[in-house]
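# Inside the fold
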Amino acid sequence: MSGAGPGALTCATTVLPARQWQISEALVPYPEAQAAMEAHVAAMLAGTAGERVWLLEHPPLYTAGVSARPEELLEPRFPVFTTGRGGRYTYHGPGQRVAYVMLDLNRRGRDVRAYVQALESWLIATLARLGVCGERREGRVGIWVDLAPWGQPGHEAKIAALGVRVRRWITWHGVALNVAPDLSHFAGIIPCGIREHGVTSLAALGCRVSLPEVDRALQETWSDAFGSDDAMPCVTSLTASPAPASGFSTSSSTSSSTSSSTSSSTSSSFPPASGV
């Protein structure tokens, strides 16, 4: 597809449905977000809703991916939610921009590894737009920052996490970028099961940006990773949950989880994608 940057997720020739950006200004309780994603994925599978990227914040909480180990929950100071996404324990809270990405890989290409790489490229491009160099690390999921420019040579920290789930080639869950969260809240877990490296944020690195500025960077760099496609206008939600799309059902059956970092209700040979 013309306009796609290096490593962009290639779209099939089938015309993509309109993609909508949804921004929730209020904190969204995790169960409400989970239910909204479930319902939207069901609507996409039914052909009554298009793709959506939902930007939000959660109140302080921990989530456990399919690979989470009990000993990695050190102090459950906040509510803990079990989720079917890939990965282990992670923290969500105010000051962290969560992006739940609901895309149709039937149209974009049935390659989960390429999808995860596109999410990583998106985060790296967003950070670059904000003046921070984010990097991949072999064997470690997420986006990392070398702390040498901040006076800590030989040290690095995680600034963004990924955790995805796929149902019949429809993606959900997504990424979390640390903008200005309370980093002490991560102390209740071993984030993503990695003991030897810490976490950081844009604020901790001296990059003082607002969530609207981060949202703008996320939208402007989308095509760098996913290619150009038509998008519906951004809709800002003043309530906790996004407004339903046309035909949005209130419930949907859940897909079975597997020990791999993605789950699908249609294929046991699903290519594994790394989680948070």
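Our structure is the block above this text.
Let me begin by describing the structure that accompanies this report.

Cut-off values and rules
What you see as residue numbers is a count from 1 along each chain, following the sequence as written. Residues qualify for local features only when their pLDDT is at least 70, as the model is predicted, and side-chain atom pairs are given and counted only at 80 or more; totals for whole chains, interfaces and linings, by contrast, use all residues. Calculation of side-chain values draws on the structure's entire complement of heavy atoms; hydrogens and water are dropped beforehand. Only DSSP runs of H or I reaching four residues or more are called helices, and only runs of E reaching two or more are called strands; each is numbered from the N terminus. Note on classification: 1.4 Å probe, protein chains only; a residue is buried when its accessible area is under 20% of the maximum for its type, exposed when over 50%, partly exposed between these limits. A contact between two residues is defined here by any heavy atoms of the two lying within 4.5 Å. Per-residue and other accessible areas were derived by the Shrake-Rupley procedure at a 1.4 Å probe size, with only the shown protein chains allowed to occlude residues. Being paired, for any two strands, means DSSP has found at least two bridges between them. To obtain each axis, a line is fitted to C-alpha atoms, and for helices this fit is confined to the stretch in contact; angles are then taken between N-to-C directions over 0 to 180 degrees. We define the nonpolar core as a collection of buried residues of types Ala, Val, Leu, Ile, Met, Phe, Trp, Tyr and Cys that are connected through side-chain atoms lying within 4.5 Å of one another. Think of a salt bridge as a Lys or Arg side-chain nitrogen and an Asp or Glu carboxyl oxygen that are within 4 Å of each other.

### Describing the overall build of the chain
- Secondary structure summary: the chain contains five helices and twelve strands in total.
- In the chain, buried positions account for 54% of the 276 residues.
- Taking as baseline every contact in the chain between residues at least 6 positions apart, the subset at least 24 positions apart corresponds to 73%.
- Accessible surface, the chain: about 11300 Å² in total, of which carbon and sulfur atoms supply 52%.

### Considering the sheet that holds strand E3 (residues 61-64)
- Here we have three strands laid out as an open sheet, ordered E4-E3-E5, and mixed in their pairing. The open sheet terminates on both sides in strands that have one partner only, identified here as strand E4 (80-82) and strand E5 (89-92). Going from strand to strand, the sheet's axes swing by 30° on average, the running direction of each strand aside.
- Two elements, E3 and E4, share three bridges in a ladder whose sense is parallel. Paired with tyrosine 62 across the bridge in E4 is valine 80.

### Focus on unusual backbone geometry
- Even without a glycine there, the phi angle at arginine 168 is positive, about 50°.
- On the secondary structure map, arginine 168 appears in the loop between strand E9 (156-167) and strand E10 (170-178).
- Its identity is not glycine, yet tryptophan 169 carries a phi of approximately 70°, on the positive side.
- Of the residues examined, tryptophan 169 reaches a relative accessible area of 11% and is grouped as buried.

### A word on the nonpolar core
- Counting 42 residues, the largest nonpolar core has Leu119, Trp122, Ile159, Leu202 and Phe226 as the members making the most contacts within it.
- Broken down by element, this core gets its largest block of residues, eight residues, from helix H3 (residues 112-129).
- Beyond its immediate chain neighbours, meaning those up to four positions away, leucine 202 contacts Leu127, Leu130, Val132, Ile159, Asn178, Val179, Cys207, Val209 and Val214.
- Membership of the second largest hydrophobic core comes to 18 residues, among which are Val28, Met44, Ala49 and Ile170.

### Notes on the pairing of E10
- Across the nine residues of E10, nine count as buried, placing the element largely inside the fold.
- When strand E6 (residues 96-102) meets E10, the two strands line up antiparallel, connected through five bridges. Among the inter-strand pairings, alanine 99 is bridged to a residue of E10, identified as valine 175.
- Pairing of E9 with E10 involves eight bridges; the strand directions are antiparallel. If you follow valine 166 over to E10, its bridge partner there is threonine 171.
- Between E9 and E10, which pair antiparallel and follow one another directly, the connecting turn spans two residues, one of which, arginine 168, has a positive phi of 50°.

### Quick word on the environment of alanine 204
- Position of alanine 204 relative to the elements: it lies in the loop between strand E11 (198-199) and helix H4 (211-220).
- Considering only alpha carbons, one finds alanine 204 and leucine 183, 21 residues apart in sequence, at a separation of 8.8 Å.

### Describing the pattern of salt bridges
- Tallied over the full model, the rule gives ten salt bridges.
- Glutamate 156 serves as the salt-bridge partner of arginine 137, at 2.8 Å between the closest nitrogen and oxygen. Here glutamate 156 lies in strand E9 and arginine 137 lies in strand E7 (residues 135-137), a separation of 19 residues in the sequence. An identical accessibility class is assigned to arginine 137 and glutamate 156; each is buried.
- Counted as one network, the salt bridges with shared partners bring together Glu135, Arg137, Arg140 and Glu156.

Keep in mind these values describe shape, not function.
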